[in-house]
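Read off the chains here:
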Protein chains: 2
Amino acid sequence: MSNVAIAVDLGGTNVRCSVIDDAGRVAFDARQSSDAAEGVDAVISRIARMIDAAATDQQIGASVAVGVAAPGPLDPQRGIVRYAPNLPGWDEVPLRDRLEELTGREILLGNDANVQALGEFHFGAAQGVRDLVYVALGTGFGGGVISDGKLIDGAGGLGAELGHTTVNIAGPRCTCGALGCVEAYCSGWAIARHGQMLAGTDRSPALAAAAAAGEVDARAVADAAEDGDAAAAAIIQQAGLALGAALGNFVNIFNPQMIVIGGGLAEIGTPLLEPAEATLKQFALHDMLDGVELRRSRLGTRTGLFGAAALVLKR
Amino acid sequence: MSNVAIAVDLGGTNVRCSVIDDAGRVAFDARQSSDAAEGVDAVISRIARMIDAAATDQQIGASVAVGVAAPGPLDPQRGIVRYAPNLPGWDEVPLRDRLEELTGREILLGNDANVQALGEFHFGAAQGVRDLVYVALGTGFGGGVISDGKLIDGAGGLGAELGHTTVNIAGPRCTCGALGCVEAYCSGWAIARHGQMLAGTDRSPALAAAAAAGEVDARAVADAAEDGDAAAAAIIQQAGLALGAALGNFVNIFNPQMIVIGGGLAEIGTPLLEPAEATLKQFALHDMLDGVELRRSRLGTRTGLFGAAALVLKR
């Protein structure tokens, strides 16, 4: 039998659990709602039951460890989720120890975006790449950096919060309290917020219509842009410009071989990524730009699961 | 005899050469003008003669290697200075091989700001610190990062160009071609340029007087600010704000234990560093800010020499 790991990806909406071997084969794939409203204990119990079910289904012995990707900021050394904006009530939760007690297995815990970077590095678009910048465009803007083959997570394991780097000291307020973070332009919540503000004006007939039909989210803004609504298109373009400037910063800091862009928001595609790539070329130093390749994630929504498996299989 | 290295620091104005041992004792200290106008060959010959003189003076055998800090961008693996804005005519110069031929010694070459970071890490303010962000405020804005005890210089050895990260996508043009790099606010050339522009207006009597008396440089702007000239003070304050926002970005990316600020421009002191620290606190995520210490360099103008010695002694 090949070397396997149980992989868990805990998000604000869903918990996923797979069994993945060191060749990247997925042998089990379960998904349940996170149901965070039920409380921390209920979510942890649910994760433990999913782990047990995966082990039973795949006849996996008790010595096989579990990799867990969880929202941050978290302390990977102590195994504690410090807080999680998308999981109400999560405050200094010792997730590793709790899951070890419930499952009897060794648990390895990592910040979701850092774990996703490991997924791309070991199983995805960045295999063989020693210097990688990974960005996850979702509700927020996550990031993970691999330098000379090693994840950069800093003294307390809290890095690399790439989304909370400013590209405009006079820019819009971010959820973190700072101004002009790239996340305040290029994330699901930021695009939605801009769209909601425009929907209340006479600038965007498409977004006003979307607001009348329901909530204006990032998808609604992208759809309005695709349908030719100029104001909505400008939101997406501005998100792309900010993304490109941030990527330029990361190139100049890390001199990477590759940038991988993942996350659901990247599905917007060309209207977001074309201005990003053009702006990246304006902001990155040419010596470094020449050596860097820009790619989309190949692992889709499983990036975190592959990375969680890598925590175990590639430690 | 303790373990020693010959250390060379090549700058746009001076070449310095020392002999430094692994306890950080400096046994020889020579300085000559770079005289870059005499051409690449003349500068390289001068460096080689300084190395020979140091070896003769200190009776150092031929097996002792030489660490060289040089302006970048440079390729540390191949030992080539790709170009150097402050050394006219330097274009793809194989400095390592040329010095090895002339001196018969092993030469280890590094980018000046990266080497300075090593100097602080091994001999200066950051001894014992595993995660360090170092910034050098001089004519330009240099940077070096140590993550988990290892210098981050990227796939081609060209990182970490911290000065060329934008803090304002709508900011002033930088010498690199991009907009709003922190160097375009907080560097000798940027402060001088703002001062020169103000000197031609009626906003700054002190800078107009400085222009009438000679060239307006960063020192003149700092002096005018200290004398109460409001327009000059605003230049220094804006430089500090940009510095603080950039430091906030670096904290959020690297989660360092310490930031060390070096370089001659840091001598401006409080008028520059107080707004920087206040802004850092606004831009860094609190979890990471709590763990970071902000310090001034203790090695002064010898940071590069100590780092060059570290290239040899701590490899």
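Residues numbered from 1 in each chain as written. Chains lettered and ligands numbered in written order. Predicted model: local features only at pLDDT ≥ 70, side-chain atom pairs only at ≥ 80, totals over all residues. Heavy atoms only, no water.

S.K.: With reference to specific residues and values, describe the environment of B:Gln196.
M.R.: Residue and element names in this part refer to chain B. Relative to the helices and strands, Gln196 resides in helix α4 (residues 188-199). Classification of Gln196 as partly exposed rests on a relative accessible area of 38%. With twelve residues separating them along the chain, Gln196 and Ala208 place their C-alpha atoms 8.5 Å apart. Ignoring any residue separated from it by four or fewer positions in sequence, one finds Gln196 in contact with Glu215 and Val216. (Helix = DSSP H or I, 4+ residues; strand = E, 2+ residues; numbered from the N terminus. Buried < 20%, exposed > 50% of the residue type's maximum accessible area, 1.4 Å probe, protein only. Contact = heavy atoms within 4.5 Å.)

S.K.: Which residues make up the packing of aromatic side chains, and what values do they have?
M.R.: Applying the stated criterion across every chain yields a total of three aromatic pairs over all chains. When the centroid spacing of 5.4 Å and the interplanar angle of 45 degrees are considered together, the rings of A:Phe123 and A:Phe306 count as tilted. Placement of the pair is A:Phe123 in helix α3 (residues 112-123) and A:Phe306 in helix α10 (residues 303-313), with a sequence separation of 183 residues. Ring plane angle 55 degrees and centroid distance 5.4 Å describe the contact between A:Phe254 and B:Phe254, whose orientation is recorded as tilted. In this pair, A:Phe254 is assigned in helix α7 (residues 230-254) and B:Phe254 in helix α7 (residues 230-254), connecting two distinct chains. Given a relative accessible area of 3%, B:Phe254 falls into the buried group. (Phe/Tyr/Trp six-rings, centres within 6.5 Å; stacked < 30°, edge-to-face > 60°.)

S.K.: Give a description of the domain arrangement of chain A that names residues and reports values.
M.R.: All names here are of chain A. Looking at chain A, the domain boundaries give domain 1 (4-118 + 302-313) and domain 2 (128-297). Using C-alpha coordinates to define each centre, domain 1 is positioned 26 Å away from domain 2. In this assembly, twelve residues from domain 1 lie in contact with 16 residues from domain 2. Taking both partners together, domain 1 and domain 2 bury about 1,100 Å²; carbon and sulfur atoms supply 53% of that area. Together, Ala113, Asn114 and Ala117 form the three largest contributors to the area buried by domain 1 at its contact with domain 2, with a combined 42%. Summed over the shared surface of domain 1 and domain 2, the number is zero salt bridges. Of all the secondary-structure elements, those providing two or more residues to the side of domain 1 that touches domain 2 are β5 (74-75) and α3. Broken down by element, the side of domain 1 that touches domain 2 gets its largest block of residues, five residues, from α3. Across the side of domain 1 that touches domain 2, the residue classes break down as six nonpolar, four polar and two charged. (Domains from an automatic or database assignment. Buried area = accessible area lost by both parts, 1.4 Å probe. Salt bridge = Lys/Arg side-chain N within 4 Å of Asp/Glu carboxyl O. Nonpolar A, V, L, I, M, F, W, Y, C, P; charged D, E, K, R; others polar.)

S.K.: Before we move on, can you summarise helix α6 (residues 218-226) of chain B with the specific residues and values?
M.R.: All names here are of chain B. Within the sequence span of α6, burial applies to Ala218, Ala220, Val221, Ala222, Ala224 and Ala225. Where α6 is buried, its residues meet α4, α5 (205-213) and α7. In the segment just after α6, Gly228 is the residue with positive phi, at about 95 degrees.

S.K.: So what's going on with the interface of chain A and chain B? Which residues, and what values?
M.R.: Bring the parts together and some accessible area is lost; that lost area is often taken as the interface size. Across the boundary between the two partners, chain A contributes 43 residues, which contact 43 residues of chain B. Across the chain A to chain B interface the summed buried area is about 3,400 Å²; carbon plus sulfur atoms make up 62%. Among the residues chain A hides against chain B, the three largest losses belong to A:Ile169, A:Ile253 and A:Asp287. Together they make up 19% of the total. Scanning the region where chain A abuts chain B turns up four salt bridges. Ionic pairing is found between A:Asp287 and B:Arg82, a salt bridge with its closest N-O pair at 3.7 Å. Applying the counting criterion to the chain A and chain B interface returns 16 residue pairs in polar contact (both at pLDDT 80 or more). If you list the elements that add at least two residues to the side of chain A that touches chain B, you get β6 (80-83), α7, α8 (270-283) and α9 (286-289) of chain A. (Polar contact = N/O pair within 3.5 Å; in protein donor to acceptor, adjacent residues only side chain to side chain.)

S.K.: Tell me about the packing of α4(B) against α7(B), and please be specific about residues and values.
M.R.: All names here are of chain B. Where α4 contacts α7, the axes come no closer than 10 Å and their chain directions differ by 155 degrees. The pairing of α4 with α7 is recorded here as roughly antiparallel in orientation. For the element pair α4 and α7, the recorded crossing hand is right-handed. Between α4 and α7, the residues in contact are Ile191, His194, Gly195 and Leu198 and Ala231, Ile235, Ile236 and Ala239, respectively. In terms of residue class, the contact of α4 with α7 is made up of six nonpolar, two polar and no charged. (Axes fitted to C-alpha atoms, helices over the stretch in contact; angles between N-to-C directions. Parallel < 35°, antiparallel > 145°, perpendicular 65-115°, else oblique. Left-handed = near helix turned anticlockwise from the far one by under 90°.)

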